[in-house]
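What the coordinates show
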Amino acid sequence: MSQSFDRYARIVIIGGGAIGCSVAYHLSRRGERDVLLLEKSQITNGCTWHAAGLVGQLRGRKNLTRLMQNSVAVFDRLEAESGQVIDWKKVGSIRLASSHDRWSEIRRSMTLAKSFGFECHSLTAKEAYDHFPFIDQEGVVGAAYIPSDGYVDPYALTHAYAATARKNGAVIQEGILVTGIIKEGRRVVGVTTNHGTVGCEILVNCAGLWAKRVGDMAGVALAAGVVEHQYFLTEKKLDLPKALPTLRDPDKNFYLKPDVAAFAIGGWEKGTKGCWRSRPPFEFGRELFPENMERLELFAMPCAERLPVLNEVGIQTIINGPIPASADGEPIMGLAPELDNMFVACGFTAGIAASGGAGEAMANWIIDGDPGMDLWAFDVRRFGRPHSVGRFLEERAIEAYGKYYSIHWPAEENEAGRGLRRSPLHEHLKSAGAIFGARFGWERPLWFPAPGVDRTEVPSFEGKPSWFDHIGTEHRQIRERVALIDQTSFSKFTIEGPGATDFLEKICTARIAGTLGRCIYTLMLNSKGGVEAEVTILHIGVDKFVMISGSAFGVRDSNWVRRQLPKDSPITLNEVTSAWAVINICGPKSREVLQAVSDDDLSNDAVPFLAVRDIEVGYVPVRAVRVGYVGELGYELHVPTEYAAMLYETLKKAGEPFGIRDVGYRAIETCRLEKGYVYWSAEIGPDYDPVSAGLDFAIDLNKDFLGKEALKVIGANGPSRKLCVFTLDDFAPLLSGETILRDGKVVGQTASCGFGYSIGKMVAFGWLPVEMADEDSFDIEAYGKSYKATRRGRTQYDPANERLLA
């Protein structure tokens, strides 16, 4: 370290809210004594002090629910550990459904809870009233009751974290404003403050409302927004039962916490205000905004319909303050991809409820290099530079806030911030009638309604969505004729330089060295054998490669590769996503169409499966890759973006005699399910090893690579679980996360599910204990109904790959 500092701490945490103090508490609890937390004002003075304090645990995924459960476990012990009262009331929670669609959504969540043993009960309207006798039962379709939920005092909770951290040796200093971050290369070495400089080995950004500004100091782009949020306290005139649960009625857009002879009631109204373009002034402290009665009425009036007693009491206090809201409404956690030692824990809209579990996960991440569970849905690397642009972020944060209590439909798309990144084919696809979705800012075609077809998308939980039959048409286009798919949004990186081949051998499971002109499907593992990345690598020159990843996984996957590079390595890793367009031409007629406009030999001998060849198509120089994700003969055609329109037009014209047409990403999904192809973040991830997932074909154990030792242990002991494929004879409303049953007992949970149009059956991936993995007959439960499912072989369509290899 070339710089000297006024003082030093191994770990410096910026921000003294519930999250920052929880991180300090958990670090000190794990034995870290050299921890310094810097708070610019006083503990809780950002937004913690005016938080409502409700604690709800059930989320859309198992690990996210586990994180919230870990919070409750902390609350259960913290009073005894700290010696301070935190006013933790484990009174349970009621979530009402005031519409049939909401009841479908809630029952889906309860099915998810059942799959991993989380206690959650279904109630009738009368039973909900018995738990919470202030509600008007009219219009209540059903309710969910979670007995382990409750509420806590945010101020007391945060001070208990801080007191225990101090008792364990951490130092917490108030009135210290961080004014700058000092870096050397990719490492933070210290911070400047209004009271001198502090050197550090690790920096943790828990700055809450100011997280984005702190990130800016370090060159770390964070999608951490700030919006206004209101709730009110009624007059203290109510006679409340002692153990009255918390109440949520998302259809009426409100939440409620019992207080002393009063209710605290808030909501998530549409049209809230963004604050300071997410860069609040550091001078802003323990302050609130003027009340906004027009917005308050958007949830207060529906609340009064559900709770007639509100017509008898007035409003005592209105709280309107700033709260964090990320670009997708979820927290932002992990190691910032731009730096090697700066962690972030920010963007928590429900920070009080998450604080215990989040602090524990962050301490694990900092000390062990791993949070202890797959937290991809919260990972900072799910965002990139596009999400952090001020105006884009503000619009997305406002939308996320306003949708907090909206019904979250399957295949739902964002409406805010659209049109940001467009393929060079965008206008062509728009003219062809594409309905677009967005991924990582890219506009991508989901499907192409035929002329005269109603373009209104009507999703469904328990039935077929409006696009169901039309996706079947596109599916058959791929299987029977020839299709074009714009895959420009795929993330693309060059990896080159002396030693690049040997480097990739050490981090990839597949053999990398070999003949040039190959496409290699490979995995990258962590030391426990979990799958950190699933990519394809093009070997295009001596020590020269192109790595291709999913549109939303580029930041994560490239970051994983970069962190494995030796210090001062001559190997370069550069993103080239925007420089190259990709058009996939696929289907049994794809070779004939391509050959009609190319003078190169495209026969199976000349361009076999997984070959990479430089060819000419019409006027266009093309890098052709014989690969695909749909299980048919096909070619991914890579071209510099300025050639993409000409290539598309050439293929479209050449394909006319063959009935060529554009298809979208929803059809890709149905095809890959029939082929048994996995998807990272659905079937596989850091918690899952490739042996258990049936990906042995992508592993070369005759070489050394990261994670090999863990795989050898799994191989010697045998896996404890296995990824299986199930089919159901008729359509069933399966999405993912459904409960798998054998003889009435819960044995597993589904991953990806969808309809296989070629086989005429539902297809579901699911994880089973290995002792169950040879059984055939199962039930899959969805919305309280069981569906007969049969375990099958991995591939339901063309299991011999005759069509793929044709």
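Computed from a predicted model, the values in this text were never measured in an experiment.

**Re the packing of helix H1 (residues 18–29) against helix H8 (residues 351–368)**
Running from N to C, H1 and H8 cross one another at 45°; their axes reach a closest spacing of 8 Å. It follows that H1 is oblique to H8 by the angle criterion. Here H1 and H8 pass one another in a crossing that is right-handed. Residue-level contacts link Ala18, Ile19, Ser22, Val23, His26 and Leu27 of H1 to Gly351, Ile352, Ser355, Gly356, Ala358, Gly359, Glu360, Met362, Ala363, Ile366 and Ile367 of H8. Looking at the contact of H1 with H8 residue by residue, the class counts come to ten nonpolar, six polar and one charged.

**Concerning the environment of Glu119**
For Glu119, the location among the structural elements is in the loop between helix H3 (100–115) and strand S5 (121–123). Separated by 146 residues in the primary sequence, Glu119 and Ile265 place their C-alpha atoms 26 Å from one another. Not counting residues up to four positions away in its chain, the partners in contact with Glu119 are Ile146 and Pro147. Looking at Glu119, its side chain comes within polar contact range of the side chain of His121, at 2.9 Å.

**Some details on the pattern of salt bridges**
One pass over the full model with this rule turns up 51 salt bridges. For Glu305, the salt bridge identified is with Lys252, shortest N-O distance 2.9 Å. Here Glu305 is found in helix H7 (residues 293–306), whereas its partner Lys252 is found in the loop between strand S13 (246–249) and strand S14 (254–259), with 53 residues between them in sequence. Residue Lys252 is classed as buried on the basis of its relative accessible area, which comes to 19%. For Glu399, the salt bridge identified is with Lys403, shortest N-O distance 3.6 Å. Each member of the pair Glu399 and Lys403 is classed as buried.

**Some remarks on the packing of H1 against helix H2 (residues 62–82)**
In the contact formed by H1 and H2, the axes pass within 14 Å of each other and the chain directions differ by 75°. Regarding the angle of H1 to H2, the classification is roughly perpendicular. Every residue of H2 that contacts H1 at Tyr25, His26 and Arg29 is listed here: Val74, Arg77, Leu78 and Glu81. Classifying every residue of the contact of H1 with H2 gives three nonpolar, one polar and three charged.

**Observations concerning the packing of aromatic side chains**
This structure, assessed with the given rule, holds 27 aromatic pairs. For the ring pair Trp268 and Tyr401, a centre distance of 5.1 Å and an interplane angle of 65° mean the geometry is edge-to-face. Of this pair, Trp268 sits in the loop between strand S15 (262–267) and H7 while Tyr401 sits in helix H10 (residues 390–402); the two residues are 133 residues apart in sequence, bridging distant segments of the chain. Taken as a pair, Trp268 and Tyr401 share a single burial class, namely buried. Positioned above the aromatic ring of Tyr665 is the side chain of Arg444, whose terminal nitrogen or guanidinium carbon lies 3.7 Å from the ring centre.

**Notes on the pairing of strand S32 (residues 721–728)**
With six of its eight residues buried, S32 lies for the most part within the structure. Direction of pairing for S32 relative to strand S37 (residues 785–792): antiparallel, over a ladder of three bridges. Opposite Phe726, over in S37, you have Arg791 as the bridge partner.

**Section: the sheet that holds strand S35 (residues 761–769)**
The strand order S32-S35-S34-S33-S36-S37 describes a closed barrel built from six strands, whose pairing is antiparallel. This sheet shows a mean twist of 45° between the axes of neighbouring strands, independent of strand direction. Bridge analysis of strand S36 (residues 777–782) against S37 gives six bridges, and the strand direction is antiparallel. Looking at S37, one finds that Asp779 is bridged to Lys788. Packing against the sheet, helix H17 (residues 665–675) makes contact with strand S34 (745–756) and S35, and its axis sits at approximately 130° to S34.

**Topic: the nonpolar core**
For soluble globular proteins, nonpolar side chains are generally found buried alongside one another. Grouped together as the largest cluster of nonpolar side chains are 50 residues, with contacts concentrated most on Ile13, Val23, Val204 and Met333. Apart from residues lying up to four places away in sequence, Val23 is in contact with Ile13, Val204, Cys206, Gly359, Met362 and Ile366. Within the second largest apolar cluster, 46 residues are counted, among which are Trp467, Cys519, Val630 and Ala667.

**Overview of the sheet that holds strand S22 (residues 491–496)**
Pairing in this open sheet of five strands is antiparallel, and the strands run S23-S24-S25-S22-S26 from one edge to the other. A single partner strand is all that each edge strand has here, and the edge strands are strand S23 (518–525) and strand S26 (572–575). In this sheet, neighbouring strand axes are inclined to one another by 30° on average, regardless of whether the strands run parallel or antiparallel.

**Considering the pairing of S13**
Here S13 shows two buried faces, one formed by Thr246 and Arg248 and the other by Leu247 and Asp249. Of the pairings in the sheet, the one linking strand S4 (residues 93–97) to S13 comprises three bridges and is parallel in character. For Ile94, the partnering residue across the bridge sits in S13 and is Leu247. Relative to S14, S13 is paired through three bridges, and the arrangement is antiparallel. By the bridge assignment, Leu247 is partnered in S14 with Leu256. Where S13 folds back onto S14 in an antiparallel hairpin, the turn is made up of four residues, including Asn253, whose phi is positive at roughly 65°.

Basis of the calculations
- Residues numbered from 1 in each chain as written.
- Predicted model: local features only at pLDDT ≥ 70, side-chain atom pairs only at ≥ 80, totals over all residues.
- Heavy atoms only, no water.
- Axes fitted to C-alpha atoms, helices over the stretch in contact; angles between N-to-C directions.
- Helix = DSSP H or I, 4+ residues; strand = E, 2+ residues; numbered from the N terminus.
- Parallel < 35°, antiparallel > 145°, perpendicular 65-115°, else oblique.
- Left-handed = near helix turned anticlockwise from the far one by under 90°.
- Contact = heavy atoms within 4.5 Å.
- Nonpolar A, V, L, I, M, F, W, Y, C, P; charged D, E, K, R; others polar.
- Polar contact = N/O pair within 3.5 Å; in protein donor to acceptor, adjacent residues only side chain to side chain.
- Salt bridge = Lys/Arg side-chain N within 4 Å of Asp/Glu carboxyl O.
- Buried < 20%, exposed > 50% of the residue type's maximum accessible area, 1.4 Å probe, protein only.
- Phe/Tyr/Trp six-rings, centres within 6.5 Å; stacked < 30°, edge-to-face > 60°.
- Lys NZ or Arg CZ within 6 Å of the ring centre and 35° of its normal.
- Pairing = 2+ DSSP bridges.
- Core = buried A, V, L, I, M, F, W, Y, C linked by side-chain atoms within 4.5 Å.

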